[in-house]
Amino acid sequence: MIQFHHVLPLQIRFNDVDKFGHVNNTVYFQFYDTAKTDYIASVCKGVDWERLAIVVVKIDAEFVAQIKANDHIAGRTRVVKIGNKSFHLEQDVIDVDTQEVKSRCFSIMVLYDLEHQQTIPIPDEWRQAISIYDGLE
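Attention here is on the structure that accompanies the text. (Residues numbered from 1 in each chain as written. Predicted model: local features only at pLDDT ≥ 70, side-chain atom pairs only at ≥ 80, totals over all residues. Heavy atoms only, no water.)

### What to know about the overall build of the protein chain
Alright, step 1. In terms of helices and strands, the protein chain carries 2 helices and 6 strands.
Alright, step 2. Against the 2.2 N^0.38 benchmark of 14 Å for 137 residues, the protein chain shows a C-alpha radius of gyration of 16 Å, consistent with a compact globule.
Alright, step 3. Relative to its full complement of 137 residues, the protein chain shows a buried share of 40%.
Alright, step 4. In the protein chain, the share of contacts with a sequence separation of at least 24, taken over all contacts with a separation of at least 6, comes to 66%. (Helix = DSSP H or I, 4+ residues; strand = E, 2+ residues; numbered from the N terminus. Rg over C-alpha atoms; globule rule 2.2 N^0.38 Å. Buried < 20%, exposed > 50% of the residue type's maximum accessible area, 1.4 Å probe, protein only. Contact = heavy atoms within 4.5 Å.)

Laid out in structure tokens, this is it:
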């Protein structure tokens with residue numbers, strides 16, 4: 001069974017729902033962004049966002065089931081691989097009441113130095129914190 005230690009309740013806003021009564025597919029990426037931002041803030045303490053950015057270099061989403069306006073949802077996030085300058089995220093959006101997976105997302109993120117405009121290695125303290133949190137080898 002897949003273990004997600006980071007689960008963030010997500011709010012469905014009025015304008016997230018289209019005329020068909022379900023959440024528009026483009027909104028899912030906002031859900032994933034909110035969940036991964038909270039994950040980084042929770043696991044990698046003291047990030048200097050004035051100096052660093054985490055940039056998506058690849059993203060792939062699968063839409064499994066509709067999310068309707070009254071659903072109670074959460075975003076789950078975990079790191080599945082850490083490289084030198086990148087890490088791979090696995091995320092999903094679930095129905096909190098039924099645990100049904102509504103959407104899955106896989107992305108590759110890189111750490112970016114805003115001042116020097118280049119990718120940089122992931123700090124050892126991040127690597128260690130993520131490895132402990134998600135149980136990576």
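### Regarding the pattern of salt bridges
Alright, step 1. What the rule picks out here adds up to 5 salt bridges.
Alright, step 2. Residues Asp92 and Arg76 are paired through a salt bridge, measuring 2.8 Å at the closest nitrogen-oxygen approach. Placement of Asp92 in strand E4 (residues 86–95) and of Arg76 in strand E3 (residues 73–82) is noted, with a sequence separation of 16 residues between them.
Alright, step 3. Judged by relative accessible area, which is 5%, Asp92 ranks as buried.
Alright, step 4. Of the charged contacts, one joins Lys102 and Glu100 as a salt bridge, the two residues approaching to 3.3 Å between their closest N and O atoms. (Salt bridge = Lys/Arg side-chain N within 4 Å of Asp/Glu carboxyl O.)

### Considering the side chain of Ser86
Alright, step 1. With respect to the element layout, Ser86 can be found in strand E4.
Alright, step 2. Those residues in contact with Ser86 that sit more than four places away from it in its chain are Ile108, Met109, Val110 and Ile122.

### Points about the nonpolar core
Alright, step 1. If you look at the biggest cluster of nonpolar residues, it comprises 16 residues, and the most contacted ones within it are Cys44, Val79, Phe87, Trp126 and Ile130.
Alright, step 2. Contributing elements (two or more residues each) for this core: helix H1 (25–43), E3, E4, strand E5 (101–113) and helix H2 (124–134).
Alright, step 3. Broken down by element, the residue count for this core peaks at 3 residues, all from H1.
Alright, step 4. With near-sequence residues (within four places) excluded, Phe87 lies in contact with Ile40, Ile54, Val79, Lys81, Ile82, Ser107, Ile108, Met109 and Ile122.
Alright, step 5. Within the second largest apolar cluster, 12 residues are counted, among which are Ile12, Tyr32, Ile67 and Cys105. (Core = buried A, V, L, I, M, F, W, Y, C linked by side-chain atoms within 4.5 Å.)

### Focus: the packing of aromatic side chains
Alright, step 1. Evaluated as defined, the whole model comprises 4 aromatic pairs.
Alright, step 2. With a centroid separation of 6.3 Å and 55° between ring planes, the pair formed by Tyr28 and Phe31 is classed as tilted. With Tyr28 and Phe31 both in helix H1 and 3 residues apart, the pair spans about one turn of that helix. An identical accessibility class is assigned to Tyr28 and Phe31; each is buried.
Alright, step 3. Ring centres of Phe29 and Phe63 lie 6.4 Å apart, and the angle between their planes is 80°; on these two criteria the pair is classed as edge-to-face. With Phe29 in helix H1 and Phe63 in strand E2 (residues 52–63), the pair connects residues that are 34 residues apart, well separated along the chain.
Alright, step 4. Residue Phe63 is classed as partly exposed on the basis of its relative accessible area, which comes to 35%.
Alright, step 5. A cation over an aromatic ring shows up here: Arg78 above the ring of Phe4, its NZ or CZ 5.4 Å from the ring centre. (Phe/Tyr/Trp six-rings, centres within 6.5 Å; stacked < 30°, edge-to-face > 60°. Lys NZ or Arg CZ within 6 Å of the ring centre and 35° of its normal.)

### Here's the deal with the state of the cysteines
Alright, step 1. On inspection of all chains with the given rule, the structure shows 0 disulfides.
Alright, step 2. Counting only cysteine sulfurs, Cys105 is the nearest neighbor of Cys44, a cysteine outside any disulfide, at a range of 18 Å. (Disulfide = S-S within 2.5 Å.)

Honestly, that's just the spatial picture; any functional story needs more than this.
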